[in-house]
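Each chain, written out:
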Amino acid sequence: MQVVSESFEDSQITLAPEKERKEVPLLEQMGSPRTTHQCTRFTGKDVVKAEADGGSDMFDEIRQRFLEFKNNKFLKEAVHFQNLARAQSPKVMVIACVDSRVCPTNVLGLQPGEAFMVRNVANLVPAIEFGPSETGAALEFAVKSLEVENILVIGHSRCAGIEALMGMQDSNPRNYVERWVINGKDAKQRTEATAPHLSFDQQCTHCQKESVTQSLNNLLTYPWINERVEEGLLFLSGGYYDFVDCTFEKWSLDIEGSRAIGGKRYSTKDHSFWC
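It should be emphasised that the depicted structure is a prediction, and the values quoted were computed from it without experimental measurement. (Residues numbered from 1 in each chain as written. Predicted model: local features only at pLDDT ≥ 70, side-chain atom pairs only at ≥ 80, totals over all residues. Heavy atoms only, no water.)

Colleague: Mind laying out the overall build of the chain, listing which residues take part and the relevant values?
Modeller: Counting secondary structure elements, the chain contains 11 helices and 6 strands. Evaluated residue by residue, the chain yields a buried proportion of 39% over its 275 residues. As displayed, the chain offers around 16700 Å² of accessible surface, 52% of which is attributable to carbon and sulfur atoms. (Helix = DSSP H or I, 4+ residues; strand = E, 2+ residues; numbered from the N terminus. Buried < 20%, exposed > 50% of the residue type's maximum accessible area, 1.4 Å probe, protein only. Areas by Shrake-Rupley, 256 points an atom, 1.4 Å probe, with all protein chains shown as cover.)

This is the structure:
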């Protein structure tokens, strides 16, 4: 695959020198609290009371969940969270959709510090030709600074972003959503070419998976990603979460196999189905 050179300086992202960084004190090293906030200890009685009140305020419930996390997770795993406060070293980057029904942390059981994550409409990765983007910035930091070993792009069922893409009648976007999802136009065209007999909903389902594979191919247009993949230091995988029946599909790019047949677009391999 042809790799497009970046128009900006391709330099390693660096953090401030160690001596300039602020160390996060351990809990036992901290004296009296510096803040004057009134902290509330969350108990089971609070849960019962909130349920009895019917949760009049959404943020009351969110606050209760936070305090439950603090008491049952953060404080019980204090050493782990103190280590995370000093630095993060995730092994995987996850690119997922902003859809409220798709939460990789819950669906895949990811714990704090395990995955560097970015979410956008339709979980798309634009090719480098698209120019600077939030997703591109996250990729650069994850690959260059954190040196993640895996990138997982997750698509999902009933994706409104893909439906918007499939519903576009031309390549002239009319709003912010269309300006973004047009990054999946190759997946749309491939879907229309290979599945013209399917209904619109069925084509959308097809495109939801096709766009994930297209995003995996787009990742390789970034030189610093392509280089690490070539060196065997970075692996690219796709996933598809069907929240209707709670199943998950996973696959990866067949880079070596695709090269063997001279393909310009990498095919996939190692398909697995979790149910």
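Colleague: Could you give me a rundown of the side chain of Ser-211, with the residues and numbers involved?
Modeller: By the secondary structure assignment, Ser-211 is in helix 9 (residues 200-219). Ser-211 has contacts with Leu-124, Ile-162 and Ala-187, leaving out every residue within four places of it along the chain. (Contact = heavy atoms within 4.5 Å.)

Colleague: Describe the packing of helix 6 (residues 160-167) against helix 9, naming the residues involved and giving the relevant values.
Modeller: Helix 9 packs onto helix 6 with a crossing angle of 110° between their chain directions and a minimal axis gap of 9 Å. Considering their axes alone, helix 6 and helix 9 lie roughly perpendicular with respect to each other. Of the two elements, helix 6 crosses helix 9, and the hand of that crossing is right-handed. In this structure, helix 6 uses Ile-162, Glu-163, Leu-165, Met-166 and Gly-167 to contact helix 9, whose residues at the interface are Phe-200, Gln-203, Cys-204, Cys-207, Gln-208 and Ser-211. Residue composition of the contact of helix 6 with helix 9, grouped by class: 6 nonpolar, 4 polar and 1 charged. (Axes fitted to C-alpha atoms, helices over the stretch in contact; angles between N-to-C directions. Parallel < 35°, antiparallel > 145°, perpendicular 65-115°, else oblique. Left-handed = near helix turned anticlockwise from the far one by under 90°. Nonpolar A, V, L, I, M, F, W, Y, C, P; charged D, E, K, R; others polar.)

Colleague: Summarise the nonpolar core; cite the residues concerned and give the values.
Modeller: Counting residues in hydrophobic clusters, the biggest one holds 29 residues, and the most contacted among them are Met-93, Leu-139, Ile-151, Leu-219, Ile-225 and Leu-236. If you list the elements that add at least two residues to this core, you get strand 1 (92-97), strand 2 (115-120), helix 5 (134-145), strand 3 (150-156), helix 9, helix 10 (223-230), strand 4 (235-242) and strand 5 (247-254). The biggest single contributor to this core is helix 5, with 4 residues. With sequence-adjacent residues up to four places away left out, Leu-219 is seen in contact with Val-125, Leu-139, Ile-151, Val-153, Ile-225 and Leu-236. (Core = buried A, V, L, I, M, F, W, Y, C linked by side-chain atoms within 4.5 Å.)

Colleague: Can you explain the pattern of salt bridges? Please cite residues and give values.
Modeller: The full count for this structure, using the stated rule, is 11 salt bridges. We note a salt bridge from Lys-144 to Glu-140, for which the minimum N-O separation is 3.3 Å. On the criterion of helical spacing, the pair formed by Lys-144 and Glu-140 is a turn pair, its members being 4 residues apart in helix 5. As far as burial versus exposure is concerned, Lys-144 and Glu-140 are alike and both buried. Across the salt bridge formed by Arg-190 and Glu-210, the nearest N and O atoms sit 3.5 Å from each other. In this pair, Arg-190 sits in helix 8 (residues 185-194) while Glu-210 sits in helix 9, placing the two residues 20 residues apart along the sequence. Each of the salt bridges in this network shares a partner with another, and the network as a whole consists of Asp-170, Arg-174 and Glu-178. (Salt bridge = Lys/Arg side-chain N within 4 Å of Asp/Glu carboxyl O.)

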